[in-house]
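Residue-level structure breakdown
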Amino acid sequence: MNFELDGLHRPVIVVGGGQAGLSMSHCLTSAGVGHLVLERERAGHEWRTRRWDSFCLVTPNWQCRLPGFPYPGDDRDGFMVRDEIVAYLESYVKAFDVPLCEGVEAKRLRQLPGGGFRLTTSAGELTADHVVLATGPYQVPLKPRLAERLPEHVVQLHSAEYRNPDQLPEGDVLVVGTGQSGCQIAEDLHLAGRRVHLAVGSAPRVARRYRGRDVVAWLDEMGYYARGIDEFADVDAVRFRANHYVTGRDGGHDIDLRAFAAQGMQLYGRLNTVRNGQLSFADDLRRNLDAADAVSEGIKDSIDGYIAKRGVAAPKEDRYKPVWEPADGSRSLDAEALSAVVWSTGFGRDHRWIDVPVFDGKGYPTHHRGVTSCPGLYFLGLPWQHTWGSGRFCGVAADAEYLARRITDVGRGGDVRWLSGTPVSTYPADDDWVAPRTVA
């Protein structure tokens, strides 16, 4: 659809048409604030194009509670698959008649001397009193430079490009990274009968169910998703922490890398180097597996403590026992044995189009609950923007509601008093620029 937006002014412009931007729109409409939502592609673009065919949520459907639009289906304890997620967002747009302009790319954001902002887009220049940046944190797929050293015959994909096992040539596949995407893609390939090699990192894991309930239900009841980041002493460490790996596939279950290894999947430590056709891995596989298990068992300890303190009736359950142990020592792998590599190595941010000095020395936006030091400029949908639920279907509503109150409360300024750097000083020239990492 073609839009001509040149010269248009709105009290608020929201950039991004995912769950964060749509939630912001709903809250602004409820507050009677005129606004426009700009989306470079289509609403829910990330879900449409950067998820594999068997992808599903890792949180139960009942946690899908965008403002004014809780999960409408009859499988509350199930896990929506990719196409159902897209349909959920499309229904949201229709239900609330979101003022959405799809196919409009934001190219430059500047402050106006007298207040407000000028936004240059692919459909003209707009002005606004307030701008909410709801573009999310997962903008630029990251691959390590050592990927360039692999032989030409090895097909290389980022997890954002992976769709299904048939997409890859026959032969062994290496998956690098064990966050949620890496573990689930490794499982997808494993279940398809592919020989999988998996480079295991330091991401933690969590059990799917414990003592009669989904662990997410326990954590939600215990208040974990609502705990503010300002309650933690190590804010930066929390904000960039990898998510726990688990899956909602086929009704939901644990992802146990040890069980995969017992079934023939080849596990390695962290990938260190590629040299002379050999991939070398660190001697940290045992430590990484033990640490992931310890996190999962620690969460169970918290649940046990909650059950005991509250006198909750819940069945007893045996604790996890490892089914496989790795041999000590570093390992290597001949690149000639591989047909493909899937890089599940995370994403970075690209905020170079934002000509407003609200970034720290690492290119991360400085903010408090999404409110920046620049009056009228806000972020929404960031991991741990305020709580563990921020940016997710379960928590983005609270963040959007908070920003809507701030936008309508014109008598207050921003809460953030510190910043470092500008887009010019923080980022080098385009040829040398590397996207700041979103998550480890």
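Residues numbered from 1 in each chain as written. Predicted model: local features only at pLDDT ≥ 70, side-chain atom pairs only at ≥ 80, totals over all residues. Heavy atoms only, no water.

- Under an unreviewed UniProt entry, the protein has the name MSMEG_0569 family flavin-dependent oxidoreductase and belongs to Amycolatopsis heterodermiae.

Focus: the overall build of the protein
- A tally of regular secondary structure across the protein gives 10 helices and 22 strands.
- Here the C-alpha atoms of the protein give a radius of gyration of 23 Å, agreeing with the 22 Å that 2.2 N^0.38 yields for 440 residues.
- Considered along the principal axes of its C-alpha atoms, the protein spans approximately 65 × 60 × 40 Å.
- The buried share among the 440 residues of the protein stands at 55%.
- A fraction of 71% describes how many contacts in the protein between residues 6 or more apart in sequence connect residues 24 or more apart.
- For the protein, the accessible surface area stands at approximately 19,500 Å², while carbon and sulfur atoms represent 48% of it.
- Each charge class in the protein can be summarised by its mean position, and for the 51 positive and 58 negative side chains these summaries are 4 Å apart. (Helix = DSSP H or I, 4+ residues; strand = E, 2+ residues; numbered from the N terminus. Rg over C-alpha atoms; globule rule 2.2 N^0.38 Å. Buried < 20%, exposed > 50% of the residue type's maximum accessible area, 1.4 Å probe, protein only. Contact = heavy atoms within 4.5 Å. Areas by Shrake-Rupley, 256 points an atom, 1.4 Å probe, with all protein chains shown as cover. Lys, Arg positive; Asp, Glu negative; His and termini not counted. Charge placed at Lys NZ, Arg CZ, Asp CG, Glu CD.)

Quick look at a negative patch on the surface
- On the surface, Asp-74, Asp-75, Asp-77 and Glu-84 cluster together into a negatively charged patch.
- Counting through the fold element by element, Asp-74 comes out in the loop between strand E4 (69-70) and helix H3 (82-96). (Patch = residues over 30% accessible without salt bridge, like charges linked within 9 Å, V, L, I, M, F, W, Y side chains within 5 Å. Salt bridge = Lys/Arg side-chain N within 4 Å of Asp/Glu carboxyl O.)

Thoughts on the sheet that holds strand E17 (residues 278-281)
- Read from one edge of the open sheet, three strands run E16-E17-E18, paired in antiparallel fashion. Edge strands, defined here as strands with exactly one partner in the open sheet, are strand E16 (271-275) and strand E18 (332-334). Each neighbouring strand pair of the sheet contributes to a mean axis angle of 20°, computed without reference to strand direction.
- Bridge count for E16 against E17 is four bridges, and the pairing is antiparallel. Note on E17: the bridge partner recorded for Leu-271 is Phe-281. (Pairing = 2+ DSSP bridges. Axes fitted to C-alpha atoms, helices over the stretch in contact; angles between N-to-C directions.)

Focus on the pattern of salt bridges
- Going through the model one piece at a time under the given rule, you end up with 31 salt bridges.
- Between Arg-319 and Asp-301 there is a salt bridge, and its shortest N-O distance comes to 2.6 Å. Here the residue Arg-319 occupies a position in the loop between helix H8 (285-310) and E18, and Asp-301 occupies one in helix H8, the gap between them amounting to 18 residues.
- A residue is classified by how much of its surface remains accessible, and Asp-301, at 46% relative accessible area, is partly exposed.
- Through salt bridges with shared partners, a single network forms among Arg-205, Arg-258, Arg-286, Asp-290, Asp-293, Glu-325 and Asp-328.

Here's the deal with the packing of helix H1 (residues 19-30) against H3
- The interhelical angle for the contact between H1 and H3, taken along N-to-C directions, is 20°, at an axis separation of 11 Å. Considering their axes alone, H1 and H3 lie roughly parallel with respect to each other. Considering how the two elements wind past one another, H1 and H3 form a crossing that is left-handed. Together, Gln-19, Leu-22, Ser-23 and His-26 of H1 and Leu-89, Tyr-92, Val-93 and Phe-96 of H3 make up the contact between the two elements. (Parallel < 35°, antiparallel > 145°, perpendicular 65-115°, else oblique. Left-handed = near helix turned anticlockwise from the far one by under 90°.)

Things to note about the packing of aromatic side chains
- Taken as a whole and assessed by the stated rule, the structure comprises 15 aromatic pairs.
- Ring centres 5.9 Å apart and planes at 50° place the aromatic pair Trp-47 and Phe-55 in the tilted group.
- The interplanar angle of 25° and the centroid separation of 5.5 Å between the aromatic rings of Trp-47 and Phe-393 together place this pair among those described as stacked. One end of the pair, Trp-47, is in helix H2 (residues 45-49); the other, Phe-393, is in the loop between strand E22 (377-379) and helix H9 (396-408), with 346 residues separating them in the sequence. Just as Trp-47 is buried, Phe-393 falls in that class too.
- Lying across the ring of Tyr-320, Arg-205 places its NZ or CZ 4.5 Å from the centre. (Phe/Tyr/Trp six-rings, centres within 6.5 Å; stacked < 30°, edge-to-face > 60°. Lys NZ or Arg CZ within 6 Å of the ring centre and 35° of its normal.)

As for H1
- Here H1 is 12 residues long and its end C-alpha atoms lie 17 Å apart, about the 16 Å a rise of 1.5 Å per residue gives.
- Burial of H1 is extensive: 10 of the 12 residues sit out of reach of the surface.
- What H1 keeps buried is the set Gln-19, Ala-20, Gly-21, Leu-22, Ser-23, Met-24, Ser-25, His-26, Cys-27 and Leu-28.
- Backbone geometry just after H1 places Gly-32 at a positive phi near 75°. (Expected span 1.5 Å × (residues − 1).)

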